[in-house]
Amino acid sequence: HISGDFHRQVANDPERYFEPKPHLKTVLSKMKASGKRLIFVSNSPFWYCDAGMKYVVGDDWRDQWDVVIASAGKPLFYTESNRPFREVAPATGKVKFKEVTTLEKGRVYTSGCLKELTKCINWSHPLAFGASDDSDSVYNDIFSPLMSPNVLYIGDSLFADLVDAKREFGWTTAAVTPEVGWEIELQRKAEFVIAEKAIELLLNSLRLYQRKLGTDLRTEEDLAVMDKLERLISKWRDEQTRLMGNPFGSIFRARYTPSLFSHSLRRYCDLYMSNVASLRHYSPQHRFYPETPKLLSHEIRGSNPECCEIDDDFFC
């Protein structure tokens, strides 16, 4: 990967290594038609980006973007303040060392940073009246063009760039997480539904059993019954892991506990999807109103967190 051999092998045979994205061009066209400015920023060299985008979008893929930046050097692209842009010759991949003061559509650039980006595309905050010329104001001023939720950042690396985009700039963030697609498909299969319902039924039986026993000390027989039910639950959870098709199970859960990745996804990302083409189901002006996050038991189960009534007749 460091030598570039991996990139060259993939770029030389895109049909083998890239998945077709038949709806991606439609999504980009709808966003562009709605008046949004589209900025392409990648850490990969331009010739690799070009090979992939030509395969999934078409030879005219650069026409969809207002700015194209390759070999950006993220996360330094977001944190540094004195990295100038350089223009790349698309035909040869060579970097031109002339000064870049404006980023033009149709051209390709490399390196740079967010501070330079705001200058080169005349990116300003709608409320920035009489903005300061201080060199650090682009990062510190609340009216900085960077400090705006109107920026939608879509990326596939949660910890490399999405976290900083949300934490440092307050952008609206969308994570591309392919695993969510096949996990949803798996969760719809009968085997997985049966395992899920069995766990739910067994857990509810344990809650009802303890409720019936009250606050008295448990007998040996009582504890034996609970142990058996817990072992059954553990076996069904093992079955869920087996159905995942890998020894690690879901990336969103460590057994029944949300994983670090899952917590971070909820904390730092406003949206997540299996691929960008999922946006085709929504208008570019769509407003999402997510359900209120509920992390604590009393929020989820109401007044009696120890027992939930089953009204599903799946096992009746």
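Everything quoted here is computed from the prediction, not taken from an experiment. (Residues numbered from 1 in each chain as written. Predicted model: local features only at pLDDT ≥ 70, side-chain atom pairs only at ≥ 80, totals over all residues. Heavy atoms only, no water.)

Draft legend 1. The overall build of the chain, seen in detail. Each helix and strand counted, the chain has 13 helices and 10 strands in total. A total of 316 residues make up the chain; the buried ones form 36% of that total. Looking at the chain alone, contacts between residues at least 24 apart form 63% of all its contacts between residues at least 6 apart. Only carbon and sulfur atoms are counted for the fraction: they give 53% of the accessible area of the chain, which is about 20000 Å². (Helix = DSSP H or I, 4+ residues; strand = E, 2+ residues; numbered from the N terminus. Buried < 20%, exposed > 50% of the residue type's maximum accessible area, 1.4 Å probe, protein only. Contact = heavy atoms within 4.5 Å. Areas by Shrake-Rupley, 256 points an atom, 1.4 Å probe, with all protein chains shown as cover.)

Draft legend 2. Structural view of unusual backbone geometry. Each neighbour pair has its own omega, and for K74 with P75 the value is 10°, a cis peptide bond. Among the secondary structure elements, P75 is positioned in the loop between β2 (67-70) and α5 (76-79). A positive phi is found at S71, a non-glycine position, where the angle reads about 45°. Among the secondary structure elements, S71 is positioned in the loop between β2 and α5. Notably, S111 is not glycine yet its phi reads approximately 60°, a positive angle. Relative to the elements of secondary structure, S111 occurs in strand β5 (residues 108-111).

Draft legend 3. How the structure looks around the side chain of S264. Structurally, the position occupied by S264 is in helix α12 (residues 260-268). Beyond its immediate sequence surroundings of up to four residues, S264 is in contact with L158, F159 and C269.

Draft legend 4. Focus on the pattern of salt bridges. Inspection of every chain in the model, using the stated rule, returns 14 salt bridges. The partner of D5 in a salt bridge is R8, and the shortest N-O contact between them spans 3.0 Å. One end of the pair is D5 and the other is R8, both in helix α1 (residues 5-12) and three residues apart, which spans about a single turn. Several salt bridges converge on common partners, so that one network encompasses E87, K96, K98, E104 and R107. (Salt bridge = Lys/Arg side-chain N within 4 Å of Asp/Glu carboxyl O.)

Draft legend 5. Geometry of the packing of aromatic side chains. Tallying each qualifying case throughout the model produces 13 aromatic pairs. Residues F18 and Y48 carry aromatic rings whose centres are separated by 6.1 Å and whose planes lie at 45° to one another, so their mutual orientation is tilted. Residue F18 is located in the loop between α2 (14-17) and α3 (24-33), and its partner Y48 is located in helix α4 (residues 46-56); the two are separated by 30 residues in the primary sequence. Relative accessible area serves as the criterion here: at 14%, Y48 is assigned to the buried category. Between the aromatic rings of F77 and Y78, the centroid separation amounts to 5.6 Å while the plane-to-plane angle is 90°, which identifies the pairing as edge-to-face. Assigned by exposure class, F77 and Y78 land together as buried. Put simply, the rings of F77, Y78, F85, Y153, F169 and W171 touch in pairs and so form one group of aromatic residues. (Phe/Tyr/Trp six-rings, centres within 6.5 Å; stacked < 30°, edge-to-face > 60°.)

Draft legend 6. Focus on the nonpolar core. Among the nonpolar cores identified, the biggest contains 29 residues, and F85, L103, L114, L117 and W171 are the most heavily contacted of them. Elements with a minimum of two residues in this core: β2, α5, α6 (114-120), α8 (158-169) and α12. Per-element accounting of this core gives the leading share, five residues, to α8. Those residues within four positions of L103 in sequence are excluded, and the remaining contacts are V67, F85, Y109, L117, C120 and I121. Among the nonpolar cores identified, the runner-up in size contains 21 residues, and M31, L38, C49 and A70 belong to it. (Core = buried A, V, L, I, M, F, W, Y, C linked by side-chain atoms within 4.5 Å.)

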